[in-house]
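Residue-level structure breakdown
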Amino acid sequence: MTDRPIEEEVRVLKPRRAAPADAVRPTRAEISLTALRHNLRVVKNALHQEQGPSPAVWGVLKADAYGHGAPAVARTLERAGIDGLCVALLEEGVELREAGLELPIIVMGGYYGPHHRGLEDALAHRLTPVLYERGQVERLRHIASTQPELSPSGERVNFHLKVDTGMARLGASPSELRELFDEVVGSPGLSLSGLMSHFATADDPDPSGAMVQLARFRAVAQDLAARGLEPKQLHIANSAGALRFPNARLDATRIGLALYGIEPCPLGDTGPELRPTMRVRTEVVAMRTLADGDRVGYGHTWTAVGERRIATVPIGYADGLSRALSNRGHMLLRGQRVPIVGIVSMDLTTIDVTEVPGAALGDEVVVLGAQENERITAEEIAEHMRTIPWEVVTSISRRVPRFYREP
Ligand SMILES: *Cc1c(COP(=O)(O)O)cnc(C)c1O
């Protein structure tokens, strides 16, 4: 067996710790835990059902809680009464357990390594695996029967099945899933506690695609029930699906983006009033006055017209400030929008502060979020990047230290 070399390699590949909180560079991401709690509250209110039980709200904390820092976000949500957490990777779930989280945690990504060996790790950390292949179910059954110490107090091992209702990415097709049922029915050590799927077009103004997926999902759940399998948790909705479609809320909802205060799609006047949780700020570290015709930055892509005041800020594309913002994006200084001029480089960016009276060394510069009455949203940055706000927040890199603020 090659176990040892692989483990040694894994040790070498362990991620370095995030930027230390005492980093001297003034560039930081400030995470508002108050806004996070507010967003959980308004999402819960929005999903509240007048009749029948309201759906459980699970926080989606994959990718280091969308760049906010998973352990702190998880602890805050746990204390604020969230019902459970979802991560994409096994190692993301392990990180949360090692941070002391007690909530149910679902590993949605369904990848447990060669021969599904990671499933043991999942059970040892009381993580709920999502499965969609026969080999995975067989492996889980084998573990449950041979390592009873991995099942909580002799109970059966919980898992969820994932059905592909139209995303065509991960999950068993409805017909493959029906074949898996027999495997599950014949497994005394296992308990199918959930059935999940995922919307491909929940944010599309046209709801028909999501409704087709929902109908397929319900059909699979009915087939399960006919076999005597009635998972307690049927779940299909992400933020957009849960907020837009009451009939898609089912037993539980998987809420990512909305918790971080970003609308997953235009929700109109009836949508919850979300507050952005991440603010990225830095400070002016250099100032210079350019004469008419002087040029700025790599490639000399920007030329001063008349005399201009240029400020340099220590944040660049290695921090997750996209190069697509070169000569297009804005930052905030003394409550005013100022344009990014020249090319965003790896560590530094230049802004034109000519129009800001008194702009000086050490002034705070906001890259994402609010300053006085102005605001740079993730949506605005996403537009320049031709991407979605999810990518804007998950791109803020590890070398930007996260500071947690109340409020
Ligand atoms: C990321 C993810 C979610 C959360 O989506 P949001 O749009 O951010 O709410 C839910 N379910 C699955 C399977 C996901 O991968």
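Residues numbered from 1 in each chain as written. Predicted model: local features only at pLDDT ≥ 70, side-chain atom pairs only at ≥ 80, totals over all residues. Heavy atoms only, no water.

Some points on the overall build of the protein chain
- Regarding its fold elements, the protein chain presents 12 helices and 20 strands.
- Classification of the 407 residues of the protein chain by burial places 50% in the buried group.
- A fraction of 66% describes how many contacts in the protein chain between residues 6 or more apart in sequence connect residues 24 or more apart.
- Within the structure as shown, the protein chain displays about 19,400 Å² of accessible surface, and the carbon and sulfur contribution to it stands at 50%. (Helix = DSSP H or I, 4+ residues; strand = E, 2+ residues; numbered from the N terminus. Buried < 20%, exposed > 50% of the residue type's maximum accessible area, 1.4 Å probe, protein only. Contact = heavy atoms within 4.5 Å. Areas by Shrake-Rupley, 256 points an atom, 1.4 Å probe, with all protein chains shown as cover.)

Structural notes on unusual backbone geometry
- Backbone geometry at Arg-126 places phi at a positive 50 degrees, although glycine is not the residue there.
- Mapping Arg-126 onto the fold places it in the loop between helix H6 (118–124) and strand E5 (127–131).
- Owing to a relative accessible area of 45%, Arg-126 belongs among the partly exposed residues under this scheme.
- Positive phi values are uncommon outside glycine, yet Leu-250 reaches one of about 50 degrees.
- As for its position among the elements, Leu-250 is in the loop between helix H10 (239–244) and strand E9 (252–255).

Examining the packing of aromatic side chains
- Under the criterion given, the structure shown has 2 aromatic pairs.
- Residues Phe-199 and Phe-245 carry aromatic rings whose centres are separated by 6.4 Å and whose planes lie at 80 degrees to one another, so their mutual orientation is edge-to-face. Of this pair, Phe-199 sits in the loop between strand E7 (190–196) and helix H9 (208–226) while Phe-245 sits in the loop between H10 and E9, placing them 46 residues apart in sequence. The exposure classification of Phe-199 matches that of Phe-245, with both residues buried.
- Positioned over the ring face of Phe-403 is Arg-28, at 3.8 Å from the centre of the ring. (Phe/Tyr/Trp six-rings, centres within 6.5 Å; stacked < 30°, edge-to-face > 60°. Lys NZ or Arg CZ within 6 Å of the ring centre and 35° of its normal.)

Some details on the pattern of salt bridges
- On inspection of all chains with the given rule, the structure shows 19 salt bridges.
- A salt bridge links Glu-380 to Arg-337, with the nearest nitrogen and oxygen atoms 2.5 Å apart. Residue Glu-380 is located in helix H11 (residues 378–385), and its partner Arg-337 is located in strand E16 (residues 336–341); the two are separated by 43 residues in the primary sequence.
- Since its relative accessible area comes to 33%, Arg-337 is described here as partly exposed.
- Several salt bridges share partner residues, and in doing so they unite Glu-30, Arg-279, Arg-281, Glu-283, Glu-364 and Arg-405 into one network. (Salt bridge = Lys/Arg side-chain N within 4 Å of Asp/Glu carboxyl O.)

A few points about the site of the ligand
- For the ligand, the set of nearby residues contains 13 residues, the closest of which are Lys-62, Tyr-66, Ser-239, Arg-254 and Leu-257.
- Here a nitrogen atom of the ligand sits 3.5 Å away from a polar atom, N or O, in the side chain of His-198.
- Taking Trp-390, its side chain carries an N or O atom lying 2.9 Å from an oxygen atom of the ligand.
- Protein contact buries 92% of the 390 Å² of open area that the ligand shows by itself.
- Elements supplying a minimum of two residues to the shell around the ligand: helix H3 (62–67) and E9.
- Of the residues contributing to the shell around the ligand, the split by class is 7 nonpolar, 4 polar and 2 charged. (Near = heavy atom within 4 Å. Polar contact = N/O pair within 3.5 Å; in protein donor to acceptor, adjacent residues only side chain to side chain. Nonpolar A, V, L, I, M, F, W, Y, C, P; charged D, E, K, R; others polar.)

Observations concerning the nonpolar core
- By size, the foremost hydrophobic cluster in this structure holds 117 residues, and its most contacted members are Leu-161, Leu-195 and Met-331.
- Per-domain counts for this core show at least three residues from each of domain 1 (33–260) and domain 2 (278–376).
- The contact partners of Leu-161, leaving out residues within four places of it in the chain, are Leu-131, Val-137, Leu-177, Leu-180, Val-184, Leu-192, Gly-194, Leu-195 and Met-196.
- Trp-302, Ala-304, Ile-310 and Val-341 belong to the second-largest nonpolar core, a separate cluster that totals 6 residues. (Core = buried A, V, L, I, M, F, W, Y, C linked by side-chain atoms within 4.5 Å. Domains from an automatic or database assignment.)

A short note on the domain arrangement of the protein chain
- On domain assignment, one finds that the protein chain holds domain 1 (33–260) and domain 2 (278–376).
- Between the C-alpha centres of domain 1 and domain 2 the distance comes to 42 Å.

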